[in-house]
Amino acid sequence: MPESARDPRLQSLANRLLPGAVRTVKVAGYDGTDVLVRLADAEGEEAEIGRIPRHEVSMRQVEHPSELFEVGQEIEAEEIGRWREGQLHLSARACENPALRSFLLAFEGGQVVTGTVSEVHDFGVFVHVDGEPEGLCTGFIRVPDLAWGWIDHPGEVVEAGRRITAEVIIAETRSGQVTLSLKALQEDPLIRFADQVGRVLTGPITRIVPFGVFVRLAPDVVGFLHLSELTDQPVETPDQLAHEGEMITVKVTEVDLQRHRVRLAAVGGAV
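So, here is what we can say about the structure in this document. (Residues numbered from 1 in each chain as written. Predicted model: local features only at pLDDT ≥ 70, side-chain atom pairs only at ≥ 80, totals over all residues. Heavy atoms only, no water.)

Here's the deal with the overall build of the protein
And step 1. Helix and strand counts for the protein stand at four helices and 15 strands.
And step 2. For the protein, the C-alpha radius of gyration of 24 Å lies well beyond 18 Å, the compact-globule estimate for 271 residues.
And step 3. Evaluated residue by residue, the protein yields a buried proportion of 39% over its 271 residues.
And step 4. Within the protein, the 43 negative side-chain charges are centred at a point lying 3 Å from the centre of the 26 positive side-chain charges. (Helix = DSSP H or I, 4+ residues; strand = E, 2+ residues; numbered from the N terminus. Rg over C-alpha atoms; globule rule 2.2 N^0.38 Å. Buried < 20%, exposed > 50% of the residue type's maximum accessible area, 1.4 Å probe, protein only. Lys, Arg positive; Asp, Glu negative; His and termini not counted. Charge placed at Lys NZ, Arg CZ, Asp CG, Glu CD.)

Structure representation (structure tokens):
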């Protein structure tokens, strides 16, 4: 996917998740279930106190971090950022498995990888990425990254055991996971549809939401018609005016490639 086509909000989030510098720190104590660590300055002298939040302690399930670390123990942790009046926060889980960390650091956004679908759930798809450390499953595809068109369940696109080729969105050392996209390797159907602005089209209503309806205009192309376009009379929900599956005639008023959306205006009512 071209860099210019990426959602800037997602890109900003991705930038915050990129791996930080690795520091060797010494466990100083505990603040509840957080780990307090002492950092060394440039001369190697122990200096400020940093913090490893509970959720950044380990990928393993433990009741308390003292089950993993002893006071005075030296460990490696990845810098996350500064919070609580400038205190440095770190992640020990990001450095917990050196083989996994090395594997993830080899990826770059936009890189094309292959793998085998491991599990398919309603919230996304897990993938065994080729070359990953044995015993791990490092790949994940979110539902919106499976296909350009609307799907009811990821099982409509892939099934367990299927070999796939996907594009890397981001590899996260803190989660131990590489987020992938199938649709990034497919042409955005809106690119070919962009010249339809101003056209009057008829299509079925595919989904009704409180503020309007979605209409299928072409394969993998769905437009949105706001409730205000359906009637001038006050109604509580659009399903008082139309139903899923009904055909409706609309005018394409905007094709926004950046946000990947199509805006519609009504031309007549549902038929």
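Things to note about the pattern of salt bridges
And step 1. For the structure on display, the rule yields 13 salt bridges.
And step 2. The salt bridge partner of R82 is E48, with a shortest N-O separation of 3.1 Å. Taken together, the positions of R82 in strand β4 (residues 74-83) and E48 in strand β3 (residues 46-52) put the pair 34 residues apart, joining distant regions of the chain.
And step 3. Taken together, the shared-partner salt bridges connect D31, D34 and R51 into one network. (Salt bridge = Lys/Arg side-chain N within 4 Å of Asp/Glu carboxyl O.)

Some details on the sheet that holds strand β9 (residues 163-172)
And step 1. An order of β6-β7-β8-β10-β9 is seen for the five strands of this closed barrel, with the pairing classed as mixed. On average, adjacent strands in this sheet sit at an angle of 50° to one another, irrespective of strand direction. (Pairing = 2+ DSSP bridges. Axes fitted to C-alpha atoms, helices over the stretch in contact; angles between N-to-C directions.)

A short note on the packing of aromatic side chains
And step 1. Under the criterion given, the structure shown has six aromatic pairs.
And step 2. Both rings, one in F123 and one in F126, keep their centres 6.1 Å apart while their planes meet at 80°; by these two values the pair is edge-to-face.
And step 3. With a relative accessible area of 22%, F126 lands in the partly exposed category.
And step 4. Between the aromatic rings of F214 and F224, the centroid separation amounts to 5.0 Å while the plane-to-plane angle is 50°, which identifies the pairing as tilted. (Phe/Tyr/Trp six-rings, centres within 6.5 Å; stacked < 30°, edge-to-face > 60°.)

Keep in mind that these numbers describe shape and distance, not what the molecule does.
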